[in-house]
Amino acid sequence: MRLFVGLGNPGAKYAHNRHNIGFMVVEEIARRHGFAPWRRRFQGETAEGTLDRERVVLLRPLTFMNDSGRAVQEAANFFKLAADEITVFQDELELPPGKVRVKVGGGIAGHNGLRSITSHIGNEYRRVRLGIGHPGVKELVHGYVLSDFAKDERSWVESLREAIADNAGLLATNRDSTFQNRVHLAMQGKGFFDKDDDGAV
């Protein structure tokens, strides 16, 4: 069994923010794969289903980003899951828009959602880092992540959600590098990256 956590802030005010791309991705996985309806529990909302015959619980913490770890810990304790059975989808400033990187452990790079999760369950969970680009200077970061994607960004955001949902079964069965490559090729095929872009950052 796997727990897939999408990071974001609850409420309509934040729904289309760059910081909420984690929510957007797990919502698309639930829709694409016919998961059960979302329901309130674990200080969040969950939807259950299967990916490549693996049982998966999707979680959207409703604690606000900075306290995401409370919801993740509650769900992990209930299902008796170790950190390495948990995958977190997060916005990543240090990756170009539409790029995806998967890694286990590592630093938190100032991401408050990751900081909270690490403080509650340790550091050895899988992160799916979803590139949103950087505004250029540190002083603009807060406003940038808490603002909506611009109109001209929405096409790549939607394509990325679809590519991740299409290939989510690879994550559920620990085929991380294949997942990463398939998502990159899907985005490249839609014209978001140059043909000679091998996926490296």
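Refer to the structure presented above.
All of these numbers come straight from a predicted model, not from anything done at the bench. (Residues numbered from 1 in each chain as written. Predicted model: local features only at pLDDT ≥ 70, side-chain atom pairs only at ≥ 80, totals over all residues. Heavy atoms only, no water.)

Draft legend 1. Looking closely at the overall build of the chain. The helix and strand inventory of the chain stands at 7 helices and 7 strands. Put simply, the chain runs from its N terminus to its C terminus through helices and strands in the order β-α-β-β-β-α-β-β-α-β-α-α-α-α. The C-alpha atoms of the chain give 16 Å as radius of gyration, which agrees with the globular expectation for 201 residues (17 Å, within 12%). Along the three orthogonal principal directions, the C-alpha set of the chain runs to about 45 × 40 × 30 Å. Taken across its 201 residues, the chain has 54% of its residues classed as buried. For the chain, restricting intrachain contacts to residue pairs at least 6 apart in sequence, the fraction spanning at least 24 positions comes to 66%. When the accessible surface of the chain is split by element, carbon and sulfur atoms take 49% of a total near 9200 Å². Side-chain charges of the chain comprise 28 positive and 26 negative groups, with the mean position of each set lying 4 Å from the other. (Helix = DSSP H or I, 4+ residues; strand = E, 2+ residues; numbered from the N terminus. Rg over C-alpha atoms; globule rule 2.2 N^0.38 Å. Buried < 20%, exposed > 50% of the residue type's maximum accessible area, 1.4 Å probe, protein only. Contact = heavy atoms within 4.5 Å. Areas by Shrake-Rupley, 256 points an atom, 1.4 Å probe, with all protein chains shown as cover. Lys, Arg positive; Asp, Glu negative; His and termini not counted. Charge placed at Lys NZ, Arg CZ, Asp CG, Glu CD.)

Draft legend 2. Looking closely at the pattern of salt bridges. Per the stated rule, a full pass over the model turns up 16 salt bridges. Ionic pairing is found between Glu54 and Arg2, a salt bridge with its closest N-O pair at 3.9 Å. You can see Glu54 sitting in strand E4 (residues 54-61) and its partner Arg2 sitting in strand E1 (residues 2-6), a full 52 residues away along the chain. Look at Arg2 and you get buried, because its relative accessible area is 12%. Arg32 is paired through a salt bridge with Asp166; the nearest N and O atoms lie 2.1 Å apart. Highlighted residues: Arg32 in helix H1 (residues 21-32) and Asp166 in helix H5 (residues 154-166), separated in sequence by 134 residues. When its relative accessible area of 48% is taken as the criterion, Asp166 is described as partly exposed. Taken together, the shared-partner salt bridges in this structure form one network comprising Glu28, Arg31, Arg32, Glu158, Arg161 and Asp166. (Salt bridge = Lys/Arg side-chain N within 4 Å of Asp/Glu carboxyl O.)

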